[in-house]
Each structure stands twice: as C-alpha cells, then as structure tokens.
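Working through the structure, step by step
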Amino acid sequence: NAGVTQTPKFQVLKTGQSMTLQCAQDMNHEYMSWYRQDPGMGLRLIHYSVGAGITDQGEVPNGYNVSRSTTEDFPLRLLSAAPSQTSVYFCASSKGTGMNTEAFFGQGTRLTVV
Amino acid sequence: QQPVQSPQAVILREGEDAVINCSSSKALYSVHWYRQKHGEAPVFLMILLKGGEQKGHEKISASFNEKKQQSSLYLTASQLSYSGTYFCGTGGSGAGSYQLTFGKGTKLSVIP
C-alpha cells in the first residue's frame, strides 16, 4: 500500500505562475483534504472533499482551487502564485467523513514562490 | 477557528510526565491528536469522540471534556522518541461540518 502520495516534493515558482500539486490515495477513502503549514501557525485547512464531485472551503481557501473527479485524486491548483503562498503543503485522507477516523498524511510538498 | 493549545513548548527529561491541553470555542464532535517530527508528516496518535469513545494506541492517553470543550493529552514516563510537535485537531463542530481544524502545536523536547 502506497498510502497518500504527493508530487512534487519540492517546487520553486515565480510570482504569477500557476501550478498543480498532485495528491493520490489508494485506500479508497472518501474524505480528502489539503493543509498548509507555516512556522508557528500549525496546520491550516485549505479545502476538503467528502467524496467524488463534492468539495468545500476550509479556513484559508483564497488563491487555491480544487476538484475531485475520482475517489483517488484530489489536486490543488495555485492560480497565480504569490510569495505569501510559500509553505509546506500536506494532503490527507480518511475513511467516511473524516471526523471520527484517523487521517493519513502525505509526505508534503515544499513550495517556494519567488 | 483554530483550537488553542498550551503550552507552546515544553522540555522534559526522560521519565518525566507532561500534559498538553487543547480548548475550543465551539462544541465538538471529536478531538484528534497527532505528532509530527521535524521534516516529516504528522502521524496519528488517537481520537476521542463525543460520548466517550476513545480510539488510539501507544502508551499515551487523553481525556475529552465535552462540556468544557477541552481535551488533554497525557504523556507519562517520557521517552526520547516522544520528542516532536503535538497537534490537536477538532472536528465536526456543528451540523454538516466536516472540517478538521488543527491548533498551532506544542513542541515537546525530551532530553537524556
């Protein structure tokens, strides 16, 4: 079992560029989510999904888009990168609604916007 | 809204005990605890559910006071491997709410 796989592991973008962070899980989990982690701020929820075709905003959704066309994949799109989006991004997946089950995290994507 | 964790940081000697607290301004359905080592992904410790059910493993325990909307993580007889940052996550506050929201973390350092 691969679990939750994120690609790429590292990325440098120029301001204004767009890109997609990939996340895939092979555990048939319904719930998937994206967090960003900044020093001293903990993990902040960007977007989440409770199943294919269903997505919703978290605490810090501005500047990010998501879609969930399959159970396995939950890509995060940066529309026009800004230095404030420099962060470590984690994707996670859980069974059911995610509220009463363990979350499995990917290894993270370290993004730098210059 | 992020739950509030305290303390922000703690240093222990091997064998000492520690308590990490987590409080929320919203009614909670569940409280999750995770540990993250430097440069790695967060790893699940346990979940406490409204109504008293607890799911978890390892020699670490926790409590969940639903009325006070608080949870505490108890680490007893600490080991070097306990070092890391501990996060509480609160879930399901409100009907139809599926946001798992984490606090800012508590950095625990265990020294020989």
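To start, this report covers the structure provided alongside it.

Quick word on the overall build of chain A
Tallying secondary structure elements over chain A gives zero helices and 11 strands in all. Going from the N terminus to the C terminus, chain A shows its helices and strands as β-β-β-β-β-β-β-β-β-β-β. Here the C-alpha radius of gyration of chain A, 13 Å, is about what a compact globule of 114 residues would show, namely 13 Å. Sorting the 114 residues of chain A into buried and exposed places 48% on the buried side. In chain A, the share of contacts with a sequence separation of at least 24, taken over all contacts with a separation of at least 6, comes to 53%. Accessible surface, chain A: about 5,100 Å² in total, of which carbon and sulfur atoms supply 51%. Averaging the positions of the 8 positive and the 8 negative side-chain charges in chain A gives two centres separated by 10 Å.

Some details on the state of the cysteines
Within this structure, the stated rule accounts for two disulfides over all chains. Each disulfide pairs two cysteine sulfurs, and for C23 of chain A the partner residue is C91 of chain A, the sulfurs being separated by 1.9 Å. Handedness of the C23 of chain A-C91 of chain A disulfide follows from its S-S torsion of about -70°: it is left-handed. Taken together, the residues span a long stretch of sequence, with C23 of chain A in strand β3 (residues 19-25) and C91 of chain A in strand β9 (residues 87-94) at a distance of 68 residues. Between the sulfur of C22 of chain B and that of C88 of chain B lies a disulfide, 2.0 Å long from S to S. On the sign convention where negative is left-handed, the bridge of C22 of chain B and C88 of chain B, at about 70° about the S-S bond, is right-handed. Here the residue C22 of chain B occupies a position in strand β3 (residues 18-23), and C88 of chain B occupies one in strand β9 (residues 84-91), the gap between them amounting to 66 residues. Side by side, C22 of chain B and C88 of chain B carry an identical accessibility label, which is buried.

A look at the sheet that holds strand β7 (residues 60-65) of chain B
Residue and element names in this part refer to chain B. Within the open sheet, the four strands sit side by side as β1-β3-β8-β7. Their pairing is antiparallel. Strands with a single pairing partner mark the edges of an open sheet, and in this sheet they are β1 (4-6) and β7. In this sheet, neighbouring strand axes are inclined to one another by 15° on average, regardless of whether the strands run parallel or antiparallel. With six bridges connecting them, β3 and strand β8 (residues 70-75) associate as antiparallel partners. Counterpart to V19 in the pairing with β8 is Y74.

Examining the interface of chain A and chain B
Taken together, the contact between chain A and chain B spans 25 residues of the former and 24 residues of the latter. Roughly 2,000 Å² of surface becomes buried between chain A and chain B when both sides are summed, with 60% attributable to carbon and sulfur atoms. Summed over the three residues of chain A that lose the most area to chain B, namely L43, M99 and N100 of chain A, the buried surface amounts to 30% of that side. Across the chain A-chain B interface, the total number found is zero salt bridges. On the surface where chain A and chain B come into contact, there are five residue pairs in polar contact (both at pLDDT 80 or more). Of all the secondary-structure elements, those providing two or more residues to the side of chain A that touches chain B are β4 (31-38) and β5 (42-51) of chain A. Examining the composition of the side of chain A that touches chain B, we find that six residues originate from one element, β5 of chain A, more than from any other. The residue inventory of the side of chain A that touches chain B, partitioned by class, reads 11 nonpolar, 11 polar and three charged.

Here is what the cut-offs are and how they apply
Residues numbered from 1 in each chain as written. Chains lettered and ligands numbered in written order. Predicted model: local features only at pLDDT ≥ 70, side-chain atom pairs only at ≥ 80, totals over all residues. Heavy atoms only, no water. Helix = DSSP H or I, 4+ residues; strand = E, 2+ residues; numbered from the N terminus. Rg over C-alpha atoms; globule rule 2.2 N^0.38 Å. Buried < 20%, exposed > 50% of the residue type's maximum accessible area, 1.4 Å probe, protein only. Contact = heavy atoms within 4.5 Å. Areas by Shrake-Rupley, 256 points an atom, 1.4 Å probe, with all protein chains shown as cover. Lys, Arg positive; Asp, Glu negative; His and termini not counted. Charge placed at Lys NZ, Arg CZ, Asp CG, Glu CD. Disulfide = S-S within 2.5 Å. Pairing = 2+ DSSP bridges. Axes fitted to C-alpha atoms, helices over the stretch in contact; angles between N-to-C directions. Buried area = accessible area lost by both parts, 1.4 Å probe. Salt bridge = Lys/Arg side-chain N within 4 Å of Asp/Glu carboxyl O. Polar contact = N/O pair within 3.5 Å; in protein donor to acceptor, adjacent residues only side chain to side chain. Nonpolar A, V, L, I, M, F, W, Y, C, P; charged D, E, K, R; others polar.

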